[in-house]
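Here is what each chain is made of, one letter per residue.
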Amino acid sequence: NPYAGLVRQLRAAWRSGRTRPLEYRVGQLEALGRFLDEKKPGILEATAADMGKPSFEAYFTEILLCKNELHEALNNLSSWTKDEHVGKNLVTQLDSAFIRKEPYGVVLIIGPWNYPLNLLLVPLIGAIAAGNCVVIKPSETAKTTERLLAEQLSCYLDNDCYAVVTAGVQETTRLLENQFDYIFFTGSSSVGRTVMAAAARHLTPVTLELGGKNPCYVADCCDVRNVARRVAWGRFFNAGQTCVAPDYLLCSLEMQEKLMPALREAIVEFFGPDPKESPDFGRIGGDRQFRRVRALLSSGRVAIGGQTDERERYVAPTVLADVLPSDPAMQEEIFGPILPIVVVAGVEEAIEFINARPRPLVVYAFSSDSKVVAQVLERTSSGGFCANDTLMQVTLTSLPFGGIGSSGLGKYHGKFTFDTFSHRRGCLHRSMGLEPLNALRYPPYSLQKLGLLTATVGVKRRAICTLL
Amino acid sequence: MERMQQVVSRARAAFNTGRCRSLEFRIQQLKALERMVHEKEREILAAIKADLGKSGHNAYSHEIMGVLGELALVMDKLPSWAAPQPVKKNLLTMRDEAYVNFEPLGVVLIIGAWNYPFVLVMNPLIGAIAAGNAVVVKPSEVSENTAQLLADLLPQYLDQELYPVVTAGIPETTALLAQRFDHILYTGSTTVGKIVMAAAAKYLTPVTLELGGKSPCYIDKDCDLAVACRRIAWGKYMNCGQTCIAPDYILCDPSIQSRVVENIKATLLEFYGEDVKSSPDYERIVNKRHFKRILGLLEGQKIAHGGESDEATCFIAPTILTDVSPDSKVMEEEIFGPVLPILTVKNVDEAIEFINRGEKPLALYVFSNDKKLIKRVISETSSGGVTGNDVIMHYFLSTLPFGGVGNSGMGAYHGKYSFETFSHRRACLIKDLKMEGTNKIRYPPNSQKKVDWAKFFLLKRFNKGQLGLAVLTLLGLVAAVMMKVSF
């Protein structure tokens, strides 16, 4: 077990209690903030090298959103960690009843390659805030960012309590043999199953942020130009490599005709006549991923884009029309800058189509008619839901972010990250006095005792009132 | 295998009709459960007595009362729990609706345990129904009378397709676990908990595991021993020790060990009289296998009190062991029986160290007049829950989440926590198609000016509460206008 020594080391640091005091956690979080500020150029360069990430996107997602989470944690840490006092019943009126938020211990965070800093650091912020020691496993696919984290993060955080581990698939499997007190994984559903099976061996609780095909229904009644812009923005951001990107469009034949010129216009507005030249359009994250995405192009007919360049791992912002459910683009999560349009008769067919498939991370619905939006919301199930826009729901840290079914288990962002990495321990601190009251519960039993006991411990329906 | 597939797919088809979504339907089902508990009280008490030798009074206060309380609480609070919860918005989403929608998960599986065979099925079931799910109920086959009763009664009161009861032994339960569920709540042993989670992993099914462990009980020299020992004896010997949160063993200073024994002995006399075997308030071990297992733990131990047994009736007398060694068999597994080992420790530091060497328990108990000492023991150890200066009682407060940590389990339930356990919190952001101007800061082509605007809107550099909503709205409007002008 190549990682046994490392885990043992972290566990010893955990046992020493070093990560428990608030001042320590604040210090580490502030150091993380300094890392984001001081290493900004390095971060922008690394993400550009790994997947041609435009610097605006890198700054917005990898630095700005992380700092948002940091500030949220630092502003609220003392109130989040406070004991939560709870309501008491008659028999516990004079006692102290509260919920303690306690760290789990040594936790493991495995990050993906598409937002290599954000999807590692946002969970890390919550794990540190909650007082845990952390093994940090960045994705080996985003090599430059992996190296940056391995070399630089250790200069800012306490190395006894937070360790960055670089590992490929084989080594990660060995890493998962160790006992962790919590595992946070972001990645594909199939690897998610492997992680959960490994966790089951040690009864380790998990949060799995996985993926799926996020449907995007566009009703006939809407502002076509605005819809086209918002959908195009969400689809082509990070060259489509976003777990909450709108994966495919569902709309009527009429709407498909109307949307096409609007989408074309939006793409030109965003990236100019040749997106390959635009500094604001990214590239695919790896060679294998590029080939996979390229193979999806043989679906429906290419209405916009379709050009590729293997050397640069470039896939043009593409819209496919008249896509069939049996086409390659509809068999797997696209995770690339391709937007298939599947024609449906109306909202009923769209809802049926969505419900016939595994539950996604997000369902999107565009309509100026709020009733249509409400219908889609009420009759589908997904991790989250956003009406009349894309991606924006994840920037609100007060909303819990996570999947359902094969798109994942557990939630985070903002306080939800802190809660994810905390054990809520129910505590009842009773007084030694008033022992005669306890006599009601001791044997030998009698009907009279039972009656009195029911009165003091039971919960009554509000409409009923009993006079003792 | 086929039978299990059929049961689950029927439940799923029933769930998909959408009829268990409405609050009216859920409350109607819960009301039916309440009627069942009242109308069939005698049958329920008789089944529990047949399974565990438990007296009617005991069964009522340990099981039925808890169920009625939970039903009353849930029916009262359900409308407020199920209501969408608006969340705080940022400047960019000011004009939008942002909230968390509580939705059912789908078809959930509840696997009960044999020690409190009624309440450990009913309480989770209440939460699952309240959250709008279809539920497959699998009571423990070890407590066969209660299992059969639930299989007979639930279909008489509840929607038969949505809430099927499956009576099954180990092979059929394995077949059941091969089906796809949207949540599994299992109460039982750590070993089987791992099997349940491994089965769940195949479908990425979230789980709540209520397992066990050895719940330590530390008695400080500075405390009212008579009161402490009475409370401990009550919690230890109820249900003949077969309680997941029973104080498993005692840690105390050697100087008070004999007084602890004397006090517990005196309490046992008070509770059960001279001849414990003839007390109607003392239960029996559930079956011969556990009877033999528990007797085996007494080998080589110093029995300070009790030790008598009768295999024919699965009776084991309330037993106290003294000067127990940490390496003995009785300290290797959760006792789950009326045997109380006492281990001596020199001080509270040694007690904390001892507790931390073991797996995290479901409950932890500490008795002391010194509040600081109690706080210290709590903060330097970990456990599912804690009761200070008493035992068991944190279970009865439904405002406290009840569950384990580490080997003692994951997830929690009771009261509102049951509702949350069986609900999906769906994040919803409802925008409109207007105000497109504000979106321009995020669209390419990008520029430093846009970056600066993005920072303004998203970076939380100030405490918004202090600024006040009115000022923020004004800022938002001004910003929107300015951006429309500059782009």
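This one's a predicted model, so the numbers in the text were calculated from it and none came from an experiment.

**Examining the overall build of chain A**
Working step 1: Secondary structure summary: chain A contains 16 helices and 18 strands in total.
Working step 2: For chain A, the spread of C-alpha atoms along the principal axes amounts to about 85 × 55 × 35 Å.
Working step 3: Taken across its 468 residues, chain A has 64% of its residues classed as buried.
Working step 4: Sequence-distant contacts, at least 24 apart, represent 71% of the contacts inside chain A between residues at least 6 apart.
Working step 5: Here chain A displays about 16,700 Å² of accessible surface, and carbon together with sulfur accounts for 54% of that area.
Working step 6: When the 51 basic and 49 acidic side-chain charges of chain A are each reduced to a single mean position, those positions are 8 Å apart.

**Let's talk about the domain arrangement of chain A**
Residues and elements named next belong to chain A.
Working step 1: Each domain of chain A was delimited in the assignment, giving domain 1 (3-211 + 410-423) and domain 2 (215-401).
Working step 2: Spacing between the C-alpha centres of domain 1 and domain 2 amounts to 30 Å.
Working step 3: The partner domain 2 presents 25 residues to the 25 residues of domain 1 that form the contact.
Working step 4: Regarding the contact of domain 1 and domain 2, the summed buried area is about 2,200 Å², with carbon and sulfur atoms giving 57% of it.

**A closer look at the environment of A239 of chain A**
Residue and element names in this part refer to chain A.
Working step 1: Assignment of secondary structure puts A239 in the loop between α9 (224-236) and β9 (248-251).
Working step 2: Between the C-alpha atom of A239 and that of S431, which follows or precedes it by 192 residues, the distance is 62 Å.
Working step 3: The residues contacting A239, other than those within four sequence positions of it, are F281, G282, R283, I284, G336 and P337.

**Examining the confidence of the model for chain A**
Working step 1: Looking at chain A as a whole, its pLDDT mean stands at 94, while 97% of the residues score no less than 70.
Working step 2: In this model, residues 464-468 of chain A is a region of pLDDT below 50 whose contacts with residues beyond four sequence positions or in other chains number two contacts.

**Looking at the interface of chain A and chain B**
Working step 1: At the interface, 110 residues of chain A touch 110 residues of chain B.
Working step 2: In terms of surface lost to chain B, no three residues of chain A exceed F56, L203 and M432 of chain A, which account for 9% of the buried area on that side.
Working step 3: Joining chain A to chain B, the criterion identifies nine salt bridges.
Working step 4: Connecting chain A to chain B are 46 residue pairs in polar contact (both at pLDDT 80 or more).
Working step 5: Of the residues belonging to the side of chain A that touches chain B, the class tally is 49 nonpolar, 35 polar and 26 charged.
Working step 6: Where strand β18 (residues 422-429) of chain A and strand β15 (residues 385-388) of chain B come together, four bridges link them in parallel fashion. Each bridged residue has a counterpart across the sheet, and for G426 of chain A the counterpart in β15 of chain B is G385 of chain B.

**Description of the confidence of the model for chain B**
Regions with low pLDDT carry predicted coordinates that are not meant to be interpreted in detail.
Working step 1: Across chain B, the average pLDDT comes to 93, with 95% of residues at 70 or higher.
Working step 2: The low-confidence segment residues 461-466 of chain B, where pLDDT is below 50, has four contacts with residues more than four positions distant or belonging to other chains.

**Details of helix α1 (residues 2-16) of chain B**
All names here are of chain B.
Working step 1: For α1, built from 15 residues, the straight-helix expectation of 21 Å at 1.5 Å per residue is met to within 8% by its first-to-last C-alpha distance of 21 Å.
Working step 2: M4, V7, V8, A11, A14 and F15 are the residues of α1 that are buried. When α1 is viewed along its axis, its buried side chains cluster within an angular range of 125° and face the same direction. Turned more than 90 degrees from where α1 packs its buried face, E2 and N16 sit exposed.

**Side note on the packing of helix α8 (residues 189-202) of chain A against helix α8 (residues 190-201) of chain B**
Working step 1: Close contact between α8 of chain A and α8 of chain B brings their axes to 8 Å; oriented N to C, the two are set at 180°. With respect to α8 of chain B, the element α8 of chain A is oriented roughly antiparallel. Residues R193, M196, A197, A199, A200 and R201 of chain A of α8 of chain A pack against K194, M197, A198, A200 and A201 of chain B of α8 of chain B.
Working step 2: A breakdown of the residues in the contact of α8 of chain A with α8 of chain B according to their chemical character gives eight nonpolar, no polar and three charged.

**Concerning the sheet that holds strand β4 (residues 134-138) of chain B**
All names here are of chain B.
Working step 1: If you walk across this open sheet you meet the five strands as β4-β3-β5-β6-β16, and the pairing is mixed. What marks the edges here is a single partner per strand, and that holds for β4 and β16 (409-410).
Working step 2: Bridge analysis of strand β6 (residues 207-210) against β16 gives two bridges, and the strand direction is antiparallel. For L209, the partnering residue across the bridge sits in β16 and is M410.

Rules used in this analysis
Residues numbered from 1 in each chain as written. Chains lettered and ligands numbered in written order. Predicted model: local features only at pLDDT ≥ 70, side-chain atom pairs only at ≥ 80, totals over all residues. Heavy atoms only, no water. Helix = DSSP H or I, 4+ residues; strand = E, 2+ residues; numbered from the N terminus. Buried < 20%, exposed > 50% of the residue type's maximum accessible area, 1.4 Å probe, protein only. Contact = heavy atoms within 4.5 Å. Areas by Shrake-Rupley, 256 points an atom, 1.4 Å probe, with all protein chains shown as cover. Lys, Arg positive; Asp, Glu negative; His and termini not counted. Charge placed at Lys NZ, Arg CZ, Asp CG, Glu CD. Domains from an automatic or database assignment. Buried area = accessible area lost by both parts, 1.4 Å probe. pLDDT = per-residue confidence, 0-100. Salt bridge = Lys/Arg side-chain N within 4 Å of Asp/Glu carboxyl O. Polar contact = N/O pair within 3.5 Å; in protein donor to acceptor, adjacent residues only side chain to side chain. Nonpolar A, V, L, I, M, F, W, Y, C, P; charged D, E, K, R; others polar. Pairing = 2+ DSSP bridges. Expected span 1.5 Å × (residues − 1). Arc of directions from axis to C-beta. Axes fitted to C-alpha atoms, helices over the stretch in contact; angles between N-to-C directions. Parallel < 35°, antiparallel > 145°, perpendicular 65-115°, else oblique.

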